[in-house]
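Here is what each chain is made of, one letter per residue.
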Amino acid sequence: MITKLFNYYEATAIGISLGALDEEIIKRWWRASYVEDWRDFSAYVTEKRDRDGRPALYRQYQLQAERWT
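In short, a report on the structure. (Residues numbered from 1 in each chain as written. Predicted model: local features only at pLDDT ≥ 70, side-chain atom pairs only at ≥ 80, totals over all residues. Heavy atoms only, no water.)

### Here we look at the overall build of the protein chain
Heads up, the rule is: Each helix is a run of DSSP H or I of at least 4 residues and each strand a run of E of at least 2, with the numbering of both proceeding from the N terminus. The quantity called the radius of gyration is restricted to C-alpha atoms. Its globule counterpart is 2.2 Å times the number of residues to the power 0.38. The classification of residues rests on relative accessible area computed with a 1.4 Å probe and restricted to protein chains. Under 20% of the type maximum is buried, over 50% is exposed, and intermediate values are partly exposed. Any two residues whose heavy atoms approach within 4.5 Å at even a single point are treated as in contact. The Shrake-Rupley method, run with a 1.4 Å probe, gives the accessible areas here. Residue values count only the displayed protein chains as cover. For this count, His and the chain ends are skipped, Lys and Arg are scored as positive, and Asp and Glu as negative. Throughout, a charge is located at the NZ atom of Lys, the CZ atom of Arg, the CG atom of Asp or the CD atom of Glu.
Tallying secondary structure elements over the protein chain gives three helices and zero strands in all. In terms of overall dimensions, the protein chain is globule-like: its C-alpha atoms have a radius of gyration of 12 Å, near the 11 Å expected for 69 residues. The C-alpha extent of the protein chain, read off along each of the three principal axes, is 35 × 20 × 20 Å. By the burial criterion, 32% of the 69 residues in the protein chain qualify as buried. A separation threshold of at least 6 residues defines the contact pool for the protein chain, and within that pool the share at least 24 residues apart is 70%. Carbon and sulfur atoms make up 55% of the accessible area of the protein chain, which totals about 4700 Å². Charge-centre separation for the protein chain: the mean point of 11 positive side chains lies 1 Å from the mean point of 11 negative side chains.

Shown next, in the form of structure tokens:
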């Protein structure tokens, strides 16, 4: 479940960074849960990056959540 959600968040962050999605609309709709979920699960993501040797895992999501903080 968390993987599907984070994949969605990552895709959304990529869409925003490419200009394919309107950041203000996404921000107004998702900001609270988007940022809160990152805060709650950032340690899990860091551990998974290290364990799996995937330093870029959910990196765009992280950057977007930190921008909205």
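### Focus: the packing of aromatic side chains
Quick note on the threshold: Centres within 6.5 Å are what make two rings of Phe, Tyr or Trp a pair, Trp counting through its six-membered ring; a difference in plane orientation under 30 degrees is then read as stacked, over 60 as edge-to-face, and the rest as tilted.
Using the criterion set out here, one finds twelve aromatic pairs in the structure. Through pairs of rings, three or more aromatic residues link up here, namely Phe6, Tyr8, Tyr9, Trp29, Trp30, Tyr34, Trp38, Phe41, Tyr58, Tyr61 and Trp68.

### Structural notes on the nonpolar core
Keep this limit in mind: Take the buried Ala, Val, Leu, Ile, Met, Phe, Trp, Tyr and Cys residues and link them wherever side-chain atoms come within 4.5 Å; each set so joined is a nonpolar core.
Within the largest apolar cluster, 14 residues are counted, with the highest numbers of intra-cluster contacts made by Phe6, Tyr34, Tyr58, Tyr61 and Trp68. Going through the elements one at a time, helix H1 (2-17), helix H2 (23-52) and helix H3 (59-68) are the ones with two or more residues in this core. Here this core gets five residues from one element, more than from any other, and that element is H2. Here Tyr58 is in contact with Thr3, Phe6, Asn7, Glu10, Val45 and Arg49, once residues within four sequence places are set aside.

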